[in-house]
Structure formats: C-alpha cells, structure tokens
Amino acid sequence: MKYLKQQKGYALLVTLLILVVFSILGATLMMFTFNGGNKNEVREDITQSADLSQKGIDLMTTQINDDLTKYLGANGVPRTDFLFQLERVLDKYRCTATNSAATISTTGSYKVCIDSYVDSITEENEVNPLKKLVTFKSIGTSGKSNRELVSKIEIGAETAPEALRYAVGTNIDSSDGFQPGEGNLLMHGGVDITGDVKVDGNIVTSSNGYAQLGGDRWIPSLAPSAIPLPGTDSSRLFLGKKAYFFTHSPTYSSHIALTNFTSNGYSEKSNIDDLFRPGFAPDLVSREPVRSPIGITTQKANFEYSRTSAGAENLDAGSSKTINGINKPSSKVFLSYTFSERVCVDGWWWFCSKYDYVNYYDDSGTFTFKGTNKFKQVSTNGSATFLDTNSTFESGMYVNGNLLIGNNSTSENVSNYSAITLDGPIYVNGNVTIKGADLLSNVLLYVNGSVTIEYSRINGKSLSSGKRGSLIILSKGNIKISNNSVNQDAPSYIKGFFYTEQDFEMFGVGSNIKIDGGISARKIVLNAIRGRAKDTFFTGSYQIPNRADYFENVNGQQTRDSRLQVIYDSEIISTYSDLKQQEPVIYKVDPPLEKDRSY
C-alpha cells in the first residue's frame, strides 16, 4: 500500500512537470510566432515602401511626357518653344515646401518630386539641351517603413528625327491618305545594306535585278545582303507588316505600286532568312509603324526673304546674272540684275518736260555661282546653278525656283564634271538636279519638289573640326538616283542621306553606286546585281537578248561586290545637328530612360 501511494506521488509530479514543460514550449512557440509575424510585417512594409517609391517616379515621368506630348500636338512646335516648355514642365514638379503632399494608395503613401536637372550629354559627348537628365526623389511609406529612391532619368526630345537612325527605312504616313505601296521596301537582286533597316510596311525581295533596257528586264542575280556595322554582331530588320519573296517577272510599274502581295508569284515568308542571301540575313524585330515626320515646308519661312526685307542688301549680279568672287560673310543679300532706264517723270507721252533715270530690278531667271563666294545669307526669287564654285552660306540660302548642281555632263569620266564645294543649309522651292558634279558637300538641302542625281560624285567636305561633311537631302517629292558609273567597275561614291515624303528609287545594275549615309522614304525601290556590267561581251557574261548589254552571270556574282551599296554613316545625326542652324520643329518626345538609381 505504501509502495502504491509512492507511485501515485511520482505520477503526479511527472504530470505537473510535463504540464510546465508544455506550457513553456507553448509560450515560446507563441512568442516566436508573434515575432515572426512582426518580422514578416516589417519585410512586407519594406517591400511595399520600395514599390511605392518606384510607383511615384513612374507616374510622374508618365505625367511629364503626357504634358509635353499634349503641348506638341499634331504639328509640333519650334525648338526654342519646346525648350521653354520642357523646363517649365519640369519646374512644376520641383521639390519645394508647397510641393510635398503625399499621395495615398491602398498599401501606403508616396511623395515624389524633382530635385534637379541638367542638359543631357550624347554618346558623342555633345550637349543636347532638348533632353534633360532629371534627378527624381521619391519616398514610399508603408506601415513603419520609409524607403527613399533617387533616380536619374533622361526626359525630352532627340536633336535629330528617327528617320536618320537607319541605313534604309520606309515610313507610313496616312495623314494625307494611303498611297500605293506606302511603307514598302522592295529590293531586286544583289543589293548590299550595311546597318539596320526599318520597314513600316512589307519587305519584298527577289534574286533578280531589274533594269529598263528596251523594256522590262529581270536579270539573274542573287538575293540582297544585310551586313552588320563594325562592332556589331548583326544588322536588325524592324518590320511592321509581312515579308515576301518572288521569282517571276512582273510588270515593273504595277509591281512596285502593289499594296499587298497575295497574287500568284509572291510567296509570304515567316523565316526572314528566305529573303536574303545565305548567311547575310538580319535579325528580325517586329514593331508597330512609327510616324516621325520631318517638317520641310515649315522651314521655308526661315530662309525666304525679299529685296525689301529688313536687313536685306540688294546684290547686282549683272545682266549675265553671275555671282563670282563675292565675299560678304556678314551680309544678308538678295540677288537681282539691277539696271536703269531714262523715263519721263513729268508730262505726257507725246510731250515730256522732265526725264529721270529709274532703277529696275530683274530677280527672275537663273543666277549662276562661280569662283569662291562667302555669304551670311542669300535669297533669290529665280533659279540657281552652281558651276565650278566654292560657295558658303553660313545662315542659309533660299532658291524660289529650281537648283542645278553641276554642268549637266553625261560623261562617265569624273574629270569632265564641274568641281563644286558647298557649305550651309539651302531651301529650294522647286526641283533639284545634281548632274555632272564632282561635289564636296556640307549641305542640308530642303526641297519642296523632286530630286534627280546622276553622272556625279559626291564626297564630304573636310571641316575644321576634323570631321567630314555630308549631303543631307530632305525632299517633298520623289528622289531618283541612276546613271552613275554606268558599266564601270569602280562605283560612284555619294556621301549623303536622302529623305523623301514620297518615293525613292535607285539603280545599281548598269550603274555602280555606293552611298555612305542612308535612305528614308515613303516607299523605297532598290535594283541591283553584283559584279561587272559592260556594253561588250566578256567571258561568262549574261546578255540581254538582241542588245549589247552584258552582265556578270550568277556564278560570277557569288564572289563580287554589289553594284548598289548603302552603308550607314554613324556621324549623320551629328552632321544634321551641326547644319540645322535654322529653327527646327520638335514633333515628339522620347520615352523616359533611366540612367542611374540608388536607395
């Protein structure tokens, strides 16, 4: 009995001990659970406060871009107006005592403002005041956690339009109605493009080149080649619509006007490699069409003035209307032929009591520039011709009629061309023809009409900065380049960039041409083969039936250069910016780009 009572005592003691232990364990577990909950809550607050600080910056940059885009509207604004508005908008969000209210959200609150901003610096180490490097400060608050984010973001506009960023680019602009073939890039035969390509419409290629030789002639060749720029792994194709390849021989005029290519003879390709020469295809990047217009006619007011305009000086070019050896680097001149005639100033036609001499100004016809000339600015109501001249227009030239650069030679020998050097921006209200010119250029040429370039060589003028100039043509009308180095083994060289609101067409079949710059147009048609072209037979040549036109056969083309080469000039944007001394129009702002951040 005594033993039994002892066991009951031990059992009670063990039970009490177990209860104590479990109570301690339970209390400990509850403590850990509570602490863990607190830690999770703290972590969640930290994460949410960081998210809120980022959200604040995202919303503010979006609002700033919306403000600027709304200000630009559909027609854009002048550069100085945009600069003023950009700083005005940024100042609206500066960190001030009155600009410190927090924005409440479901997870907390955030306060964001602009601490400072400075002009952005381009990759070429040049200042771009149209873009600001903006320092944002944002504090996100969630629970007991505050998180401050400092982010440096570029906001504003580029100094040059998007069109100048590609070796070849087509553009869709439906603001004036959709045109036949708008946005399409058609490359027939062995075209070489070095750099990126942008196509807002369809891309269409063929392994046959085309030439008009007594009718439509489709000449056996190779498919086009896309070549990466030095320092890059591959070129890129930004494609808005579809890709097609064809091997038949369509009627050329109907073919290049097509909007879609669903008829027999055209094959839609999902693999972009099928459109290009094996091993020379670009990387495909899909994209929506981007409207990036360049204001051409809006520039007219910056160039045009008359003889009676404020600050204008009449320059008598004589009866021959020739400008030769004029040095007026500080003068704003208006060209005319000035002459006097004796007229009756008192009396009737049959009886005059007093005569006097009256000045007359003939500002029509064609004014010819020869020799070395230097002006601040020039304007003419007539046409103009540049012939054996070195002429500079520091603030620009206005030509109300047509412009001819060259001596109109049709020779294939460059020594027969007119040696011409031009420097400065020019606005031409009519058409431009470059023919028989050996041109050294640093020119930005606005053209209200069409442009024709043939039988010419165009190099960049050497500049004091150590760079070379270029020929940048921005045209309202068609641009056609043909008949350059016809049947020659060495190409005609053109350093220039060509932009048109209409169609661009270039031939490298009989012609042999190399563009160091780029092309941008509503529609682009490039025709080429590789290798030789002759008017006499050579071994292994392909002959046009019943004609003395001979071209490299397909096997020979495998190892020879293209007769139409377009190589993107990476300095074209800085050249454009240097030449654009007149007031440009800003059409769009770029998306915000973060450069740096820290917590």
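Before going into details, it helps to say that this report is about the structure given with it. Computed from a prediction, not measured in an experiment: that's the story for all the values here.

Description of the overall build of the protein
Along the protein, the regular secondary structure elements total six helices and 40 strands. Long-range pairs, those at least 24 residues apart, make up 62% of the contacts in the protein between residues at least 6 apart in sequence.

A word on a nonpolar patch on the surface
A surface patch of nonpolar side chains, about 220 Å² in accessible area, is lined by Val345, Val358 and Tyr360. Inspection of the secondary structure assignment puts Val345 in strand β20 (residues 327-348).

Thoughts on the sheet that holds strand β2 (residues 103-105)
The strand order β2-β3-β4-β5-β40 describes an open sheet built from five strands, whose pairing is antiparallel. Of all the strands in the sheet, the pair left with one neighbour each is β2 and β40 (590-598). Taking the axes of each pair of neighbouring strands and ignoring which way they run, one obtains an average angle of 30° across the sheet. Where strand β4 (residues 127-142) meets strand β5 (residues 145-156), 12 bridges bridge the pair, whose relative direction is antiparallel. Bridge assignment links Lys132 to a residue of β5, and that residue is Ile155. The strands that helix α2 (residues 79-92) touches are β3 (108-121), β4 and β5; relative to β4, the one it contacts most, it runs at about 15°.

Points about the state of the cysteines
Counted under the stated rule, the structure contains two disulfides. Paired by a disulfide, Cys95 and Cys113 hold their sulfur atoms 1.9 Å apart. Taking the torsion about the S-S bond as the criterion, the Cys95 to Cys113 disulfide, at about 90°, is right-handed. You can see Cys95 sitting in the loop between α2 and β2 and its partner Cys113 sitting in strand β3, a full 18 residues away along the chain. Look at Cys95 and you get partly exposed, because its relative accessible area is 34%. Since its relative accessible area comes to 13%, Cys113 is described here as buried. The disulfide that involves Cys344 links it to Cys352, with 2.1 Å between the sulfurs. Disulfide Cys344-Cys352: the torsion about the S-S bond is 105°, which places it as right-handed. Sequence-ordered numbering of the bonded cysteines in the protein yields a pairing of 1-2, 3-4.

Considering the environment of Gly183
Along the chain, Gly183 turns up in the loop between β6 (168-170) and β7 (185-189). Sequence separation between Gly183 and Val199 is 16 residues; the distance between their C-alpha atoms is 6.4 Å.

Digging into the sheet that holds strand β36 (residues 541-543)
The strand order across the open sheet formed by three strands is β35-β37-β36, and the pairing between neighbours is antiparallel. Either end of the sheet is taken by a strand with one partner, and the two such strands are β35 (533-534) and β36. Bridge count between β35 and strand β37 (residues 550-552): two bridges; the pairing is antiparallel. Paired with Ala533 across the strands is Phe551, a residue of β37.

Overview of the side chain of Asp67
For Asp67, the position within the fold is in helix α1 (residues 2-72). For Asp67, a relative accessible area of 17% puts it in the buried group. A polar side-chain atom of Asp67 sits 3.0 Å from a polar atom in the side chain of Tyr93. Apart from residues lying up to four places away in sequence, Asp67 is in contact with Val89, Lys92 and Tyr93.

A closer look at α2
The terminal C-alpha atoms of α2, which comprises 14 residues, lie 20 Å apart, in line with the 20 Å expected from a rise of 1.5 Å per residue. Listing the buried residues of α2 in full gives Phe82, Leu83, Gln85, Leu86, Val89 and Leu90.

Comments concerning the packing of aromatic side chains
Counted by the stated rule, this structure contains 21 aromatic pairs. The interplanar angle of 40° and the centroid separation of 5.1 Å between the aromatic rings of Phe369 and Phe386 together place this pair among those described as tilted. Of the two residues, Phe369 sits in strand β22 (residues 366-380) while Phe386 sits in strand β23 (residues 383-393), which places them 17 residues apart along the sequence. In this structure, Phe369 and Phe386 share a single accessibility class: buried. Judged by centre distance (6.3 Å) and plane angle (25°), the ring pair of Tyr427 and Tyr446 falls under stacked. One end of the pair, Tyr427, is in strand β26 (residues 418-428); the other, Tyr446, is in strand β27 (residues 432-447), with 19 residues separating them in the sequence. With relative accessibility at 0%, the residue Tyr427 sits in the buried group. By relative accessible area, Tyr446 is classed as buried at 1%. By the ring-pair criterion, three or more aromatic residues cluster together here, those being Tyr210, Trp218, Tyr244, Phe246, Tyr252, Phe261, Tyr266 and Phe507. The ring of Tyr305 carries Lys332 above its face, with NZ or CZ at 4.6 Å from the centroid.

Cut-offs used in this document
Residues numbered from 1 in each chain as written. Predicted model: local features only at pLDDT ≥ 70, side-chain atom pairs only at ≥ 80, totals over all residues. Heavy atoms only, no water. Helix = DSSP H or I, 4+ residues; strand = E, 2+ residues; numbered from the N terminus. Contact = heavy atoms within 4.5 Å. Patch = residues over 30% accessible without salt bridge, like charges linked within 9 Å, V, L, I, M, F, W, Y side chains within 5 Å. Areas by Shrake-Rupley, 256 points an atom, 1.4 Å probe, with all protein chains shown as cover. Salt bridge = Lys/Arg side-chain N within 4 Å of Asp/Glu carboxyl O. Pairing = 2+ DSSP bridges. Axes fitted to C-alpha atoms, helices over the stretch in contact; angles between N-to-C directions. Disulfide = S-S within 2.5 Å. Buried < 20%, exposed > 50% of the residue type's maximum accessible area, 1.4 Å probe, protein only. Polar contact = N/O pair within 3.5 Å; in protein donor to acceptor, adjacent residues only side chain to side chain. Expected span 1.5 Å × (residues − 1). Phe/Tyr/Trp six-rings, centres within 6.5 Å; stacked < 30°, edge-to-face > 60°. Lys NZ or Arg CZ within 6 Å of the ring centre and 35° of its normal.

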